[in-house]
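Coordinate analysis (summary)
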Amino acid sequence: MKYHQIDSQLFIKNRKNFMQKMKPQSLAVFNSNDVYPIGADSTIPFEQNRDLFYLSGVDQEESILVLFPDAPKKEHREILFLTETNEHIAVWEGEKLTKDRALEVSGVETVYWMKDFEKIFFEVMTQCEMVYFNTNEHYRSAHKTETRDMRFIKWCKEKYPAHQVAKSNPILQRLRSVKDPVELALMQNACDITEKAFRRTLGFVKPGVWEYEIEAEYYHEMIRNRSRGFAYTPIIASGNNANVLHYIENNQQCQAGDLILLDTGAEYANYASDLTRTIPVSGKYSERQKQVYNAVNRVKKEATKMLVPGTMWAEYHREVGKLMTSELLGLGLLDKADVQKEDPDWPAYKKYFMHGTSHNIGLDTHDYGILTEPMQANQVYTVEPGIYLPDEGFGIRLEDDVVIQKKGEPFNLMRNIPIEVDEIEELMNA
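With an unreviewed UniProt entry as reference, the chain is termed Xaa-Pro aminopeptidase, source organism Autumnicola patrickiae. Looking at the Catalytic activity (unreviewed entry) heading of the UniProt record, one finds this comment for the chain: "Release of any N-terminal amino acid, including proline, that is linked to proline, even from a dipeptide or tripeptide." Per UniProt, the chain has the following entry under Cofactor (unreviewed entry): "Mn(2+)".

The following block contains the structure:
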């Protein structure tokens with residue numbers, strides 16, 4: 001891994017918090033992700049199952065974590081199963097975790113090789129009554145690929161049909177959404193890398209550059225700062241491309257007078273950042289672009305103030321909609337008649353601002369968090385309003401990542417990243 005090793009105390013604490021929520025005489029199982037094939041002998045670069053990483057710090061394939069807090073044998077209350085490493089594997093694939101190294105990374109004292117899994121698992125299953133299965137229940141989850149966790153669940157139900165079953169996800173949703181200080185420091189590091197990449201880009205952009213060249217500038221700066229790269233597929237959207245919300249082709253030439261919407265965040269140690277800025281190709285905003293930009297920025301600032309403990313996500317978005325409606329009236333994009341006759345299920349402002357304002361962020365860019373429960377201190381949210389004007393050939397979105405505080409306004413992890421019109425113009429024309 002490129003990142004500095006994380007103190008195992010974080011993962012020890014995470015496991016303790018999870019096990020305190022488990023029912024008596026139960027165990028929980030967490031599988032690593034697969035290595036997914038592309039074709040021939042090629043594979044997609046491996047990324048760890050975020051739940052397994054959250055609970056163990058183990059960042060390699062072919063890994064299983066078993067938690068059994070009521071195990072009769074003390075050594076079986078936390079167990080890691082890893083693929084046995086050897087000199088041949090080290091030569092061809094690189095270093096894998098040894099048992100000693102796994103203890104150092106995770107704090108788990110009992111480590112077995114994967115070949116012993118079924119034997120040890122049979123023993124602990126005879127001693128428990130319930131199994132917690134790890135399922136992905138994120139509200140945006142829509143993938144169709146069968147994961148290792150899903151295959152394990154099928155196997156376990158067939159092998160041990162008399163056991164009760166439960167879901168680990170509701171526990172993890174609540175735990176993962178509230179960040180430990182160590183996690184916040186890792187996220188700050190990801191945001192700081194993003195800042196470096198954005199500042200590099202400001203000095204590079206000019207009429208005639210291609211969107212993919214800008215993407216390369218970002219990637220260069222991220223990799224040289226110990227990031228694996230982008231936390232998500234980057235959006236480098238010049239001109240009218242910005243009005244395609246998930247534009248990822250990044251293959252057009254940037255024209256003088258246009259804006260570029262840059263939705264680009266680095267990851268660090270599997271933790272995500274999520275930044276959006278909209279900058280002028282020529283280094284100066286037109287008066288109309290500046291008007292719309294400042295309207296979006298005002299909505300962002302006021303929306304950020306609402307992110308306090310006790311706020312309900314749905315009500316927050318309704319209030320942001322009112323802010324945006326006011327700004328759109330001021331810009332002449334809506335009139336009072338539009339608002340008076342609007343459909344409550346699709347308010348008038350949605351014509352120009354059709355997506356949500358905030359989502360949880362952490363180990364996943366769209367991180368776990370139960371949106372029907374009140375916001376809490378140390379949850380991290382994006383704030384990302386936008387106005388999209390295909391008839392005028394540009395769209396503007398601005399986004400920062402902020403930490404909810406016990407009292408007062410959130411702490412902005414991206415506070416040092418330029419956002420005001422004047423500072424962006426000054427940096428681009430330095």
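**Regarding the overall build of the chain**
Of the regular secondary structure elements, the chain holds 13 helices and 18 strands. The C-alpha radius of gyration of the chain comes to 24 Å, within 12% of the 22 Å expected for a compact globule of 430 residues. With respect to the principal axes defined by its C-alpha atoms, the chain has extents near 70 × 50 × 40 Å. Taking as baseline every contact in the chain between residues at least 6 positions apart, the subset at least 24 positions apart corresponds to 71%. Counting only carbon and sulfur atoms, one obtains 51% of the accessible surface of the chain, whose full area is about 19,900 Å². Distance between charge centres in the chain, computed from 51 positive and 65 negative side chains, equals 4 Å.

**Examining the sheet that holds strand β14 (residues 380-383)**
On the basis of which strands lie adjacent, the open sheet formed by 3 strands has the order β14-β17-β18 and antiparallel pairing. The outermost strands of the open sheet, each flanked by one partner alone, are β14 and β18 (411-412). Across 4 bridges, the pairing between β14 and strand β17 (residues 400-403) is antiparallel. Its bridge partner lying in β17, Val380 is registered against Val403.

**Here we look at helix α5 (residues 117-125)**
Taken residue by residue, α5 has Phe117, Ile120, Phe121, Val124 and Met125 as its buried positions. End-on view of α5: buried residues confined to an arc of 135 degrees, all on one side of the axis. Where α5 is buried, its residues meet β1 (26-31), β4 (63-67), β5 (78-82), β6 (110-113), β7 (130-133) and α6 (148-159).

**Considerations on the packing of α5 against α6**
At their nearest, the axes of α5 and α6 sit 13 Å apart, and the two run at 55 degrees to each other. When the axis of α5 is compared with that of α6, the two are oblique. Once α5 is placed against α6, the crossing between them reads as right-handed. Facing α5, whose interface residues are Phe117, Glu118, Phe121 and Met125, α6 presents Phe152, Trp155 and Cys156. Residue composition of the contact of α5 with α6, grouped by class: 6 nonpolar, no polar and 1 charged.

Basis of the calculations
Residues numbered from 1 in each chain as written. Predicted model: local features only at pLDDT ≥ 70, side-chain atom pairs only at ≥ 80, totals over all residues. Heavy atoms only, no water. UniProt positions renumbered as here; feature names shortened; annotations may be inferred. Helix = DSSP H or I, 4+ residues; strand = E, 2+ residues; numbered from the N terminus. Rg over C-alpha atoms; globule rule 2.2 N^0.38 Å. Contact = heavy atoms within 4.5 Å. Areas by Shrake-Rupley, 256 points an atom, 1.4 Å probe, with all protein chains shown as cover. Lys, Arg positive; Asp, Glu negative; His and termini not counted. Charge placed at Lys NZ, Arg CZ, Asp CG, Glu CD. Pairing = 2+ DSSP bridges. Buried < 20%, exposed > 50% of the residue type's maximum accessible area, 1.4 Å probe, protein only. Arc of directions from axis to C-beta. Axes fitted to C-alpha atoms, helices over the stretch in contact; angles between N-to-C directions. Parallel < 35°, antiparallel > 145°, perpendicular 65-115°, else oblique. Left-handed = near helix turned anticlockwise from the far one by under 90°. Nonpolar A, V, L, I, M, F, W, Y, C, P; charged D, E, K, R; others polar.

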